[in-house]
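Spelled out from the first residue to the last, the chains are:
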Amino acid sequence: MNKSLTKFRSTVLDHLLGLLWRQWSSLGVAGYSHAEETRVVDPEALLLLSLTVARHDPRLFDEVLAWLDINGAFLNVQRLQNLLKQYDFQAKAQLGSVAEWMGRKSNYAMKWKKLAAAFKLEPAQPLFFMKNGKPFPEPEDTEQTFFNHGLLRNPIKTRNLAQPFPTDGMSSLLLRLRALLGVNIRCEILCLLGSVDEIHPSVIAKRIGHAQRTTQNALAEMARSGVVQVRTRGREKIYALKPGVLDKLVRPDSETTPWVNSAPLFRALEILWLGVADPKRQEMDDLLLSSELRRVSKSMKPLLGDAGWGQPLRDESAYKGDKYAEVFFEDVMTLLVHRRLSS
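Peer 1: I keep staring at the packing of helix α10 (residues 201-208) against helix α11 (residues 212-223) and nothing clicks. Help me out?
Peer 2: Helix-helix packing is characterised by the crossing angle of the two axes and by the distance between the axes. Look at α10 against α11: their axes get within 9 Å of each other, and the N-to-C directions meet at 120 degrees. Regarding the angle of α10 to α11, the classification is oblique. In this structure, the crossing between α10 and α11 has a hand that is right-handed. Residues Pro201, Ser202, Ile204, Ala205 and Ile208 of α10 lie in contact with α11, whose contacting residues are Gln212, Thr215, Gln216 and Leu219. For the contact of α10 with α11, a count of residues per class yields five nonpolar, four polar and no charged.

Shown next as structure tokens:
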């Protein structure tokens, strides 16, 4: 066993679970977080990362389910599908299971049932793993909605401690906009427009996870309200929020909206976790491990760039042989303790 990777894997898991607990707690999940979330939480991207990482924390996984039971009507199921496909998140079986479980709710069942039907049955495997990577014992009784998607877990019994999302604070801004305006693309557009001076429609579409045509049509309609402004730059149109109109809602501190491009960032973190948690890599020597971590780094870099994080991972080609593993460990730890992730 590679002791350096084993220790690093445990540290990465602790940091990722801390991030997930902090963001979910800010939205009403029952739990304790040491730090307050001051940025707008993207619930779809957060759910996709959680469905992978929280397999190693059953309590968090089920508290998220309890939260969805109360607040699931305010998730954009179409956007969930878009982000899953656009960034190739690996939680397909988990998402299908959750969607089928949510489909039992009569008030918004249909959209979740349609999502559940989009996923094929996978071979049966444990849903939950211990922090050391070993699977939980197979339960005597299984949750049918998860078993239908190839995942073995005990029947779901929520503790009913989750709360509706807060009606103030920046973390719940996107959900509050959906409660006010409906679950539609305009809510993500307003969050993003609040975070910039002005922006091109194609950039908006990529960052919020919607089709470019849908985004352009919504922006054109929103511009007629007078709340969204548009100017031409050659043959292009550039959009911005009209100053002073929605500032108390989306820019309450007279600063830009603290919106983070979470989808590519969280996909990069998912790649990181799956890369260091792979059981096969736990047995590799430093030379082979360095080669494998170069692959992980190359997959993460464009996503971190798209998320606006630049290139925090050093050039893997500059470190030959078995030297890169230690460099990767150092760079990832710098990334994980960065103020935008740790608080």
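Peer 1: Is there a simple way to explain the pattern of salt bridges in this structure?
Peer 2: Any two side chains of opposite charge can pair, so long as their charged atoms come close to each other. Applying the stated criterion to the full structure yields 22 salt bridges. Among the ionic pairs, Arg104 bridges to Asp69, the shortest N-O distance being 3.1 Å. With Arg104 in the loop between α5 (92-102) and α6 (109-116) and Asp69 in helix α3 (residues 58-71), this residue pair connects regions lying 35 residues apart in the sequence. Relative accessible area serves as the criterion here: at 18%, Asp69 is assigned to the buried category. Asp88 is paired through a salt bridge with Lys92; the nearest N and O atoms lie 3.5 Å apart.

Peer 1: Any chance you could explain unusual backbone geometry here in plain terms?
Peer 2: Most peptide bonds take the trans configuration, and most residues that are not glycine carry a negative phi. Of note, Asp88 is a non-glycine position whose phi angle comes to about 60 degrees, a positive value. Inspection of the secondary structure puts Asp88 in the loop between α4 (77-87) and α5. Positive phi, normally seen in glycine, also occurs at Asn160, with a value near 60 degrees.

Peer 1: Honestly, the pairing of strand β4 (residues 236-241) in this entry has me stumped. Any pointers?
Peer 2: In summary, the side chains of a regular strand alternate between the two faces of the sheet. Judged from the six bridges that link them, strand β3 (residues 228-233) and β4 form a sheet pairing that is antiparallel. Among the inter-strand pairings, Gln229 is bridged to a residue of β4, identified as Ala240. The turn linking β3 back onto β4 is made up of two residues, and Gly234 within it adopts a positive phi angle of 70 degrees.

Peer 1: Before we go on, may I ask you to explain α6 in this structure?
Peer 2: Residues spaced three or four apart along an α-helix face the same direction, because each turn holds 3.6 residues. Listed in full, the buried residues belonging to α6 are Ala109, Trp112, Leu115 and Ala116. Taken end-on, α6 shows its buried residues confined to a sector of 130 degrees, consistent with a single buried face. Seen from the buried face of α6, the exposed residues on the opposite side, beyond 90 degrees, are Met110 and Lys114. Buried-residue contacts for α6 involve α4 and α5.

About the criteria used
- Residues numbered from 1 in each chain as written.
- Predicted model: local features only at pLDDT ≥ 70, side-chain atom pairs only at ≥ 80, totals over all residues.
- Heavy atoms only, no water.
- Axes fitted to C-alpha atoms, helices over the stretch in contact; angles between N-to-C directions.
- Helix = DSSP H or I, 4+ residues; strand = E, 2+ residues; numbered from the N terminus.
- Parallel < 35°, antiparallel > 145°, perpendicular 65-115°, else oblique.
- Left-handed = near helix turned anticlockwise from the far one by under 90°.
- Contact = heavy atoms within 4.5 Å.
- Nonpolar A, V, L, I, M, F, W, Y, C, P; charged D, E, K, R; others polar.
- Salt bridge = Lys/Arg side-chain N within 4 Å of Asp/Glu carboxyl O.
- Buried < 20%, exposed > 50% of the residue type's maximum accessible area, 1.4 Å probe, protein only.
- Pairing = 2+ DSSP bridges.
- Arc of directions from axis to C-beta.

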